[in-house]
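Next come the chains, spelled out residue by residue.
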Amino acid sequence: MGLLDGFWRGRAAEFDSGNSATNAIELTKRNGQVSLTKQGAATGHLRINLAWRMRSSDIGGPQRESLLRHPFKALRPPEVMGHTQSMVNVDLDLGCLYELQDGTKGVVQPLGGYFGDVNAPPYVKLTGDDRFGSGSGETLYVNLDHREAIKRLLVFVYIYDQTPAFDRTQAVVTLYPTSGPRVEIQLDERHPQARSCAVVMIENVKGEMIVRREVKFVYGFQAELDRLYGWGLQWGRGHKTKAQR
């Protein structure tokens, strides 16, 4: 059995239904912080998912429905998931800058193949690189059973080598704790030229695990996010290997 096989079939599924019975906390400018410790969710594997979608009116999708047959639906452009490169000419990547209590700093991201480790430092792992906007998106796991070793984690999203389009992707980052409601952060602010976004900070504050909304768009890439938050890493230009369909 693989490292995460049991986890995929286990508690993570409890938070995937997305129905009206499933509670969610949306972090906004006015209500931008939540304590995982206070809601009893500062243990186990915290799952962090990036997903995005686009309106079919932006990408030449299905025609609107008849005004006579469906007068209300016809006025609202239908939303579709971005499943293929032809539909969504953008590659959103999920990443995480980490700083541990012992001073160790680094990054977990698809670019360069820095996928991390969930059971050893940095206790953060990226499961893969979704290049075509599939339904599952991209997912990070944070092992909060080692929260005492973690100082801060900055979860970010960037557009890899494509036209900036944050204002059209309707990207959402969702945190799924081991208990309590999921936490959602919408990347819906209009920054048409932005290439990167610092989404959320997870910080160990005197033993309490705090999740704080950031949603700060920048026009550069990881190096600019690094300077903004004072990480102090050295960055160079990277490229991905050719995608396999």
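Scroll up to find the structure this text is about.
What counts, and where the lines are drawn
Residues numbered from 1 in each chain as written. Predicted model: local features only at pLDDT ≥ 70, side-chain atom pairs only at ≥ 80, totals over all residues. Heavy atoms only, no water. Helix = DSSP H or I, 4+ residues; strand = E, 2+ residues; numbered from the N terminus. Buried < 20%, exposed > 50% of the residue type's maximum accessible area, 1.4 Å probe, protein only. Areas by Shrake-Rupley, 256 points an atom, 1.4 Å probe, with all protein chains shown as cover. Pairing = 2+ DSSP bridges. Salt bridge = Lys/Arg side-chain N within 4 Å of Asp/Glu carboxyl O. Axes fitted to C-alpha atoms, helices over the stretch in contact; angles between N-to-C directions. Contact = heavy atoms within 4.5 Å.

### A closer look at the overall build of the chain
When helices and strands are counted, the chain shows four helices and 15 strands. A buried classification covers 45% of the 245 residues belonging to the chain. Only carbon and sulfur atoms are counted for the fraction: they give 48% of the accessible area of the chain, which is about 12600 Å².

### Section: the pairing of strand 12 (residues 171–176)
Across a regular strand the side chains alternate sides, sitting on one face of the sheet and then on the other. In terms of burial, strand 12 is a largely internal element, six of the six residues being buried. Of the two faces of strand 12, both are covered, the one formed by Ala171, Val173 and Leu175 as well as the one formed by Val172, Thr174 and Tyr176. As paired elements, strand 3 (residues 45–51) and strand 12 share five bridges and run antiparallel to each other. Bridge assignment links Arg47 to a residue of strand 12, and that residue is Tyr176. With five bridges joining them, strand 12 and strand 13 (residues 182–187) adopt antiparallel strand pairing. Residue pairing for strand 13: Val172 is matched across the bridge by Gln186. Hairpin connection, strand 12 to strand 13: the antiparallel pair is bridged by five residues, and Gly180 has positive phi, about 80 degrees.

### Some points on the environment of Arg195
Looking at the secondary structure, you find Arg195 in the loop between strand 13 and strand 14 (196–205). You can call Arg195 partly exposed: its relative accessible area is 23%. It is 7.6 Å that separates the C-alpha atoms of Arg195 and Phe166, two residues lying 29 residues apart in sequence.

### Side note on the pattern of salt bridges
Counted under the stated rule, the structure contains eight salt bridges. Note that Arg152 and Glu99 form a salt bridge whose closest N and O atoms lie 2.6 Å from each other. Within this pair, whereas Arg152 is found in strand 11 (residues 150–159), its partner Glu99 is found in strand 6 (residues 92–100), the two being separated by 53 residues in sequence. As far as the burial class goes, Arg152 and Glu99 line up, both buried. The network of salt bridges with common partners includes Glu203, Arg212, Glu214 and Lys216.

### Remarks on the sheet that holds strand 6
Spatial ordering of the open sheet is given by 2-15-14-11-6-7, a layout of six strands whose pairing is antiparallel. Looking at the sheet topology across the chains shown, the edges are occupied by strand 2 (33–35) and strand 7 (105–108). Strand-to-strand twist across the sheet, computed as the mean angle between neighbouring axes with direction ignored, equals 20 degrees. Here helix 4 (residues 222–229) sits on the sheet and contacts strand 6, strand 11, strand 14 and strand 15 (208–218); the angle it forms with strand 15, its principal contact strand, is near 125 degrees.

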